[in-house]
Amino acid sequence: MAEKELLLGIDLGTSGCKVTLIDTDCNFVGDGYTEYTTYHPNIGWSEQDPADWFPAFMHSFGIALEKGGVKASQVVALSLDASAHNIVLLDKDNRVLRKTIMWTDTRATEESAFMTEHYGSEIFRIGYQMPSPTWSMLQLMWIKKHEPEVMEKAARAMFVKDYVRYQLTGVWTTDHVEAQGSLLFDNINWCWSEDLCRMSGIPISILPPLVKPTDISGHITAEASAITGIRAGTPVINGATDTALEAYCVGAIHENNCVTKLATSGTIYLFRKEAHPDPKALTYSHVVDGLWYTCLATSSAAESLRWYRDTFCKAEFAQELQGGKNTYRTLDEEAEKVPAGCEGLFFHPYLMGERSPYWDTKLRASFIGATAHHGRGHFNRAVLEGVAFSIKDNLSLIENTVPIHEVRIVGGGGKSPLWRNIMANVLNRPILKYANDDSSYGSALLAGVGAGIFSSHEEAVEKGLHLKERVEPDAKTAAKYQEIFKCYRELHDALTPLYHKF
């Protein structure tokens, strides 16, 4: 009996690497996940070592193969995705020059202010985004100013997934979705922008060749085959950003689809046939030709919960690592006993400053309203509600542009039934949870399209789409949250001037 052919999706997320294996009928086969370290050498700084990514992929891949009882040689196509904005700089001998500055990093505040003052309107006209420390342009400007020897040696710039794909294929490319996340891309002429590179002082020569997300960027080399077990010559599809592929795998390939993500960051994004640039939002094209999405993002969503776990639940997490109960499940069980609104306790999730809708690196996270009555369950739930309120804060910018009847949820935080329920009531819309909603699953589907196994995006997504749960808001709870949200906003407004004094 012939062995089944497999499609491999690789997600190099902010916190770790997730891989998913499916067969060519879109049946789930196996997955694996491996965390890697993010370094914070200074306040507001966030870096990763590119040397950590490929080993994390290999470990995750091994887990997925073992779970599925399959072999690496059964993979017939693969694709990759990753978080956006993160640049790997290499010298002429392809040696990595420094750790990668991550999208959550806020060090380039001065560069951002300078570019906004002198070139803001022109940057927005060409790149469809306003300057902010999250963009690759500003990160590279910071490196050029503070580490000039690094930029002088830089011969190639690669984004995270493109660096790992380069290790698999030896081919250097990126896609237009990833390029848009650099703020060096010309959305009008669909190419790298000479004007944006000139304004920022970034040499256009270090930027990679551009291809479509569904293009075959290269093939598994003999060397990579010996390491991974994937057959030499297997096509590697370029891929795109994690946000695009998460939306893709839950069926967001049509106009007016709306998706929210509870991952390291929290996002809500709306798909439309044309670009609608907004200074307070992010604007990207989709992997589906002719479709764009407006993305609004809070910087610390599931990252807030992970920070809370790592900071205040060390004993529980240590027990989990020894085979004990999942710490997040414990926190949820405690939070479920607390009423909506946490009896006056609020959390603002500004651990790394904030992106939309405020674009303010000075904001800080806070618990407000604690009394002797509040226990750990209240604080647990306050984190979940605070992230949901932050996403609602972003939804307010787009909810009146088109009717949004339901919201699809993706990301690790969306696996929590309690958090899904909170989101449904805070957003006051049904939340749709699908069986497979990881961006690595979306990358596996995209690999099938790029390799010609599926005839279209519609075929791939239709085969892979399985609704797991639809969570309807409760009218009474939703109304309560609308009033609580007003207090959340008032507290934000009151605290912001104080944070700017720090």
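In case you missed it, the structure is sitting above this.
Residues numbered from 1 in each chain as written. Predicted model: local features only at pLDDT ≥ 70, side-chain atom pairs only at ≥ 80, totals over all residues. Heavy atoms only, no water.

## Quick word on unusual backbone geometry
Between Ser356 and the following residue, Pro357, the backbone shows a cis peptide bond with an omega angle of 0 degrees. Tracing the sequence through the fold places Pro357 in the loop between strand E19 (346-348) and strand E20 (366-368). One non-glycine residue, Cys26, lies in the positive phi region at around 70 degrees. Of note, Cys26 is situated in the loop between strand E2 (16-23) and strand E3 (28-35). Judged by its relative accessible area of 2%, Cys26 falls in the buried class. (Helix = DSSP H or I, 4+ residues; strand = E, 2+ residues; numbered from the N terminus. Buried < 20%, exposed > 50% of the residue type's maximum accessible area, 1.4 Å probe, protein only.)

## Thoughts on the sheet that holds E3
Strand order in the open sheet formed by 6 strands is E3-E2-E1-E5-E14-E13, with mixed pairing between adjacent strands. Either end of the sheet is taken by a strand with one partner, and the two such strands are E3 and strand E13 (216-219). The mean inter-strand angle of the sheet, taken between neighbouring strand axes irrespective of direction, is 20 degrees. In this sheet, strand E14 (residues 235-241) lies alongside strand E5 (residues 75-82) in parallel orientation, the contact comprising 4 bridges. Across the sheet, residue Asp81 finds its bridge partner in E14, namely Ala240. The sheet contacts of helix H1 (residues 53-68) involve strand E1 (6-12), E2, E3 and E5, and relative to E3 the element is tilted by about 145 degrees. (Pairing = 2+ DSSP bridges. Axes fitted to C-alpha atoms, helices over the stretch in contact; angles between N-to-C directions. Contact = heavy atoms within 4.5 Å.)

## Observations concerning the pattern of salt bridges
Going through the model one piece at a time under the given rule, you end up with 39 salt bridges. A salt bridge links Lys71 to Glu3; its shortest N-O distance comes to 2.7 Å. Of this pair, Lys71 sits in the loop between H1 and E5 while Glu3 sits in the segment before E1, and the two are 68 residues apart along the sequence. The shortest N-O distance in the salt bridge between Arg489 and Asp393 comes to 2.9 Å. (Salt bridge = Lys/Arg side-chain N within 4 Å of Asp/Glu carboxyl O.)

## Some points on the sheet that holds strand E21 (residues 407-410)
Judged by pairing direction, the sheet is mixed, and its 7 strands sit side by side in the order E17-E18-E16-E15-E21-E22-E23 without closing on themselves. The open sheet has two edge strands with one neighbour each: strand E17 (282-285) and strand E23 (467-471). Direction aside, the axes of adjacent strands within the sheet are offset by 25 degrees on average.

## Here's the deal with helix H15 (residues 439-450)
The terminal C-alpha atoms of H15 lie 16 Å apart, and with 12 residues this matches the ideal 16 Å at 1.5 Å per residue to within 8%. Burial within H15 is extensive, with 11 of its 12 residues counted as buried. Those residues of H15 that fall on the buried side of the exposure criterion are Ser439, Ser440, Tyr441, Gly442, Ser443, Ala444, Leu445, Leu446, Ala447, Gly448 and Val449. Considering only its buried residues, H15 is in contact with E1, E2, E5, E14, helix H9 (242-249) and helix H16 (457-464). Positioned one or two residues after H15, Gly452 has a phi angle of 85 degrees, which is positive. (Expected span 1.5 Å × (residues − 1).)

## Digging into the packing of aromatic side chains
Scanning the entire structure with this criterion turns up 21 aromatic pairs. Seen from their ring centres, Phe367 and Phe379 are 5.0 Å apart, and the 65 degrees between their planes marks the pair as edge-to-face. Within this pair, whereas Phe367 is found in strand E20, its partner Phe379 is found in helix H13 (residues 376-395), the two being separated by 12 residues in sequence. The class of Phe367 is partly exposed, set by a relative accessible area of 26%. Each ring, one from Phe389 and one from Tyr488, has its centre 5.2 Å from the other, and the planes form 45 degrees; the classification is tilted. One end of the pair, Phe389, is in helix H13; the other, Tyr488, is in helix H17 (residues 475-499), and 99 residues separate them in sequence. Classification of Tyr488 by relative accessible area gives buried; the value is 0%. A network of ring pairs unites the aromatic residues Trp307, Tyr308, Phe312, Phe347, Phe367 and Phe379 as a single cluster. Directly above the ring of Tyr39 sits Lys99, whose terminal nitrogen or CZ lies 5.0 Å from the centroid. The ring of Phe485 has Lys392 sitting right over it, with the charged end atom 5.3 Å from the ring centre. (Phe/Tyr/Trp six-rings, centres within 6.5 Å; stacked < 30°, edge-to-face > 60°. Lys NZ or Arg CZ within 6 Å of the ring centre and 35° of its normal.)

## Concerning the packing of helix H14 (residues 417-427) against H17
As a packed pair, H14 and H17 sit with axes 7 Å apart at the nearest point and diverge in direction by 70 degrees. One way to sum up the angle between H14 and H17 is to call them roughly perpendicular. For the element pair H14 and H17, the recorded crossing hand is right-handed. From H14, Ile422, Asn425 and Val426 reach across to H17, where they touch Thr477, Ala478, Tyr481 and Gln482. The residue makeup of the contact of H14 with H17, split by class, is 4 nonpolar, 3 polar and no charged. (Parallel < 35°, antiparallel > 145°, perpendicular 65-115°, else oblique. Left-handed = near helix turned anticlockwise from the far one by under 90°. Nonpolar A, V, L, I, M, F, W, Y, C, P; charged D, E, K, R; others polar.)

## Examining the nonpolar core
The biggest cluster of nonpolar side chains holds 70 residues, and the ones touching the most others in it are Leu89, Met137, Leu184 and Tyr248. Contact partners of Tyr248, with chain neighbours within four places excluded, come to Ile253, His286, Val287, Val288, Gly442, Leu445, Leu446, Val449, His457, Ala460 and Val461. By size, the runner-up hydrophobic cluster in this structure holds 48 residues, among which are Leu262, Ala424, Leu495 and Tyr499. (Core = buried A, V, L, I, M, F, W, Y, C linked by side-chain atoms within 4.5 Å.)

## Considering helix H12 (residues 327-336)
Burial in H12 covers these residues: Thr327, Thr330, Leu331, Asp332 and Ala335. Considering only its buried residues, H12 is in contact with helix H10 (302-312), helix H11 (314-321), H13 and H14. Between a side-chain oxygen at the N-terminus of H12 and the backbone nitrogen of Tyr328 the separation is 2.9 Å; the capping residue is Asn326. (Polar contact = N/O pair within 3.5 Å; in protein donor to acceptor, adjacent residues only side chain to side chain.)

## Topic: the state of the cysteines
What the rule picks out here adds up to 0 disulfides. Cys26 provides the cysteine sulfur closest to Cys249, a residue in no disulfide bond, and the two sulfurs are 11 Å apart. On the basis of relative accessibility, which here comes to 1%, the residue Cys249 falls in the buried class. With no disulfide of its own, Cys487 has Cys342 as its nearest cysteine by sulfur position, at a separation of 13 Å. (Disulfide = S-S within 2.5 Å.)

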